[in-house]
Amino acid sequence: MNKGVFITGTDTGVGKTVVSAGLALSLRHKGLDVGVMKPIQSGDRGDTEFLIKVSGVKDEIELVNPCYFKKPLAPLTASKIEGVKINITAIKNAFDELCKRHDIVIVEGIGGLFVPLTEDYFVSDLILELNIPIIIVSRPNLGTINHTLLTVKHARESGIDIIGVIFNETKKKKKGLAEKTNPSIIEKLSGVPILGTLPYIQSVSITDCKTGKLKNTFLKNIKIDNLPTAYCRLSTAYKKNLEDIDKTHLWHPFTQMNDWVKEEPVIIERGKGSYLYDTLGNKYLDGNSSYWVNIHGHRKREIDEAVKKQINKISHSTLLGLSNVPAIELSERLIKIAPESLKRVFYSDDGSTAVESGIKMAFQYWQQKGKNFKSKKKFIAFYNAYHGDTIGAVSVGRIDLFHSMFKSLLFETIFAPPPYCYRCPIEKTYPECSLACVNELERIVSENRDKVAALIIEPKVMMPGGIITAPEGFLKRVREICTKYNILMIADEVAVGFGRTGKMFACEHENVPPDILLLSKSLTGGYMPLAATLTIEEIYKGFLGEYSEFRTFFHGHTYTGNPLACASAIANLDLFKKERILDSLQDKILLLKDELIKFYNLENVGDIRQCGFIVGIELVADKDTKKQYPMEEKIGIRIAREARDKGLIIRPIGNIVILVPPLSSTKDEVHKMVEIIYDAIEAVTCQN
Ligand SMILES: *Cc1c(COP(=O)(O)O)cnc(C)c1O
């Protein structure tokens with residue numbers, strides 16, 4: 001929605017009605033169609049009638065004031081005495097209706113933020129539900145600092161956006177020192193902009209409004225220039241401005257900017273649960289979990305609060321030479337849930353740095369192990385692998401479209417065939433092949449055993465490579481080969497970790513303990529960048545020695561172990577436990593599986609691959625020959641675009657349509673996502 005402004009007071013009698021009327025008139029003067037609302041009123045309906053008259057709206061009084069009590073009492077008391085509950089739904093419906101009719105709706109509150117409407121529902125809850133920012137009306141005189149700051153604090157803690165404070169001179173009085181200094185003190189202490197002070201106007205009358213006196217006084221004293229751009233859904237102009245800046249200054253990742261500037265971008269402003277909301281108020285299902293990171297939905301209360309709580313302690317201090325509380329606590333929590341052999345946690349910032357630290361650790365480990373192992377310098381990885389975009393990570397990756405450009409910058413890596421059964425690289429058929437690709441891997445490893453430090457693998461699903469799901473038993477055989485030939489196994493669970501595959505870690509599906517485990521994307525529940533490289537004790541011990549031996553792991557990133565990120569990760573893990581995420585996921589995984597069957601009816605769906613809550617649908621130009629769509633057709637991009645128009649955000653990789661919903665998605669939401677994808681594939685492939 002976001003098409004309104006809520007006018008709240010630090011107290012009763014601060015002049016909310018005058019400010020509401022003044023704002024309505026001023027915005028109308030600026031060319032907006034302004035609606036007004038006074039959701040709850042007790043006593044007489046004078047304020048409501050005044051607002052209606054002043055603003056000249058034609059809306060029914062029941063919409064402008066859906067909740068009315070005759071007795072001039074606090075709303076909860078009045079509702080008890082008159083025996084009628086305050087109907088929040090009716091208020092919301094009225095607001096929605098007014099939003100449809102107007103560019104912006106000015107909602108005049110009742111009392112302040114902490115006024116109860118039911119036993120456990122306050123004005124602040126109503127504001128959150130209407131999802132609009134507030135303007136705080138305050139008095140400039142003595143005693144106002146405390147009231148105003150408390151209002152600001154409570155609004156912030158509730159997650160309410162504050163546009164600013166307007167001071168209203170409710171009495172005709174000469175300005176004393178308090179009146180002169182309070183606004184700037186409050187601005188400084190709260191960090192909230194002061195929009196201005198409205199001078200005393202004696203008993204504002206309808207005539208004052210008609211003659212323009214109120215509007216002129218308001219415009220002269222109150223800064224509202226930013227208000228329409230920042231908060232009204234006039235926002236086509238607001239959005240256009242953002243779009244221009246985006247196209248002038250931003251460079252988007254993995255994006256042909258020539259195409260980008262030709263298209264109208266969706267600009268996300270907020271999120272709630274499985275939904276993203278753009279600046280125009282459109283909502284979209286987050287079908288790729290904001291690129292494979294989100295777990296519990298957006299604005300999850302427990303994580304929000306954990307981060308806020310940590311902010312009140314400290315946002316960052318370094319792990320170089322110091323430690324910090326959340327980093328310590330998180331390390332223990334991670335070791336508790338990770339495969340048993342892993343004992344140490346090394347933090348970094350993102351998936352790529354987790355990979356860098358993992359491969360450097362493996363390399364240095366062998367260099368320090370003794371002369372016999374000094375030749376172990378190479379890595380084995382898989383074709384179609386992706387492990388990040390820094391140079392080390394690119395060296396162990398092999399998606400030619402992304403990686404071939406940088407070939408001359410990379411260290412040499414040995415590549416093995418991936419378990420891509422739909423397009424088997426060694427031209428066998430599963431299951432008759434009995435995992436022939438692993439035999440090929442074993443041959444490669446055995447030939448290079450003395451040269452190889454480690455093998456790096458994305459367990460169970462190679463996600464960026466196109467949701468390549470490995471058949472049962474593949475991972476276990478890889479572990480056996482690593483052990484047999486004495487090379488370290490690095491499991492890149494940056495994308496598949498934290499429940500995405502149906503188990504906490506993908507390695508658990510085949511009971512495989514890696515020597516190094518890389519975690520990032522969902523580690524913080526999708527809130528913040530953070531990564532962890534977990535290792536077995538033996539590797540860790542390989543770095544111990546006298547200082548002068550220089551066996552130290554000389555590697556680290558500035559924001560390592562950032563307390564805010566670690567606090568959100570702890571809250572994420574708490575939620576896995578408290579909400580039994582993995583248990584409740586199993587039914588939804590089965591539902592998803594059922595829903596996917598019908599996709600085989602579609603002419604151009606070649607393969608459907610699912611592992612847990614990860615889905616890849618491979619489109620082909622011809623089902624029988626598995627002929628690929630030419631890249632130029634941008635088939636995946638066009639389907640994602642179509643899905644977006646239908647209210648779902650997904651991002652394909654090449655010709656593979658990908659769905660990775662937040663684990664918290666409801667069955668209904670999952671169903672809706674699948675339906676939209678089906679329709680989008682149908683619509684786009686039919687045009688071809
Ligand atoms: C995303 C990803 C990475 C890289 O993580 P960044 O945070 O983007 O650096 C590495 N490995 C896998 C499997 C990934 O999906």
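In this text, all values refer to a predicted model and were calculated from it rather than measured experimentally. (Residues numbered from 1 in each chain as written. Predicted model: local features only at pLDDT ≥ 70, side-chain atom pairs only at ≥ 80, totals over all residues. Heavy atoms only, no water.)

### Notes on the domain arrangement of the chain
Argument step 1. Here the chain is described as being made up of domain 1 (4–225), domain 2 (351–509) and domain 3 (581–685).
Argument step 2. A separation of 47 Å is found between the C-alpha centroids of domain 1 and domain 3. (Domains from an automatic or database assignment.)

### A look at the nonpolar core
Argument step 1. Membership of the largest hydrophobic core comes to 84 residues, with the highest contact counts inside it found for Phe498 and Phe599.
Argument step 2. Considering each element in turn, this core owes the most residues, 9 residues, to helix α26 (residues 667–687).
Argument step 3. Shared between two domains, this core takes at least three residues from each, and those domains are domain 2 (351–509) and domain 3 (581–685).
Argument step 4. Dropping the residues within four chain positions of it, phenylalanine 498 is found in contact with Ile295, Leu334, Met504, Phe505, Leu519, Ser522, Leu523, Asn572, Leu573, Phe576 and Leu663. (Core = buried A, V, L, I, M, F, W, Y, C linked by side-chain atoms within 4.5 Å. Buried < 20%, exposed > 50% of the residue type's maximum accessible area, 1.4 Å probe, protein only. Helix = DSSP H or I, 4+ residues; strand = E, 2+ residues; numbered from the N terminus. Contact = heavy atoms within 4.5 Å.)

### Some thoughts on helix α10 (residues 213–221)
Argument step 1. For α10, the complete set of buried residues consists of Leu214, Lys215, Thr217 and Phe218. Take α10 and look down its axis: the buried residues cluster within an arc of 165°, on one side only.
Argument step 2. Here the buried face of α10 lies against α1 (16–29), β9 (162–168), β10 (194–198) and α9 (206–210). (Arc of directions from axis to C-beta.)

### Digging into the site of the ligand
Argument step 1. In the vicinity of the ligand lie 13 residues, with Gly351, Ser352, His387, Asp492 and Lys521 positioned nearest.
Argument step 2. In this structure, glycine 351 approaches the ligand through a main-chain N or O atom, which is 2.8 Å from an oxygen atom.
Argument step 3. Contacts to the ligand include lysine 521, whose side-chain N or O atom sits 2.6 Å from an oxygen atom.
Argument step 4. Contact with the protein chains removes 84% of the 380 Å² of surface that the ligand exposes when unbound.
Argument step 5. Of the residues contributing to the shell around the ligand, the split by class is 5 nonpolar, 4 polar and 4 charged. (Near = heavy atom within 4 Å. Polar contact = N/O pair within 3.5 Å; in protein donor to acceptor, adjacent residues only side chain to side chain. Areas by Shrake-Rupley, 256 points an atom, 1.4 Å probe, with all protein chains shown as cover. Nonpolar A, V, L, I, M, F, W, Y, C, P; charged D, E, K, R; others polar.)

### Digging into the sheet that holds strand β8 (residues 134–138)
Argument step 1. The strand order across the open sheet formed by 6 strands is β2-β5-β1-β8-β9-β10, and the pairing between neighbours is parallel. In this open sheet, the two strands that pair with only one neighbour each are β2 (34–37) and β10. Strand-to-strand, the axes of this sheet are offset by a mean angle of 20°, without reference to chain direction.
Argument step 2. Two strands pair when backbone bridges link them, and β8 and β9 are joined in this way by 5 bridges, in the parallel orientation. Pairing of isoleucine 134 across the sheet is with isoleucine 162, part of β9.
Argument step 3. Helix-sheet contacts for helix α5 (residues 88–101) involve β1 (4–9), β2 and β5 (104–108), and the interaxial angle to β2 is about 165°. (Pairing = 2+ DSSP bridges. Axes fitted to C-alpha atoms, helices over the stretch in contact; angles between N-to-C directions.)

### Regarding the pattern of salt bridges
Proximity of charged atoms lets side chains of opposite charge pair with each other.
Argument step 1. This structure, assessed with the given rule, holds 38 salt bridges.
Argument step 2. Measuring nitrogen to oxygen at the nearest pair gives 3.0 Å for the salt bridge that ties glutamate 618 to arginine 609.
Argument step 3. On the basis of relative accessible area, glutamate 618 is assigned to the buried category, the value being 2%.
Argument step 4. The class of arginine 609 is buried, set by a relative accessible area of 5%.
Argument step 5. In this structure, the salt-bridge partner of arginine 641 is aspartate 645, at a minimum N-O distance of 3.7 Å. Of this pair, arginine 641 and aspartate 645 are both found in helix α25 (residues 635–645), 4 residues apart, which corresponds to roughly one turn of the helix.
Argument step 6. Residue aspartate 645 is classed as exposed on the basis of its relative accessible area of 57%.
Argument step 7. Among the charged side chains, a network of salt bridges with common partners joins Asp59, Glu60, Glu97 and Arg101. (Salt bridge = Lys/Arg side-chain N within 4 Å of Asp/Glu carboxyl O.)

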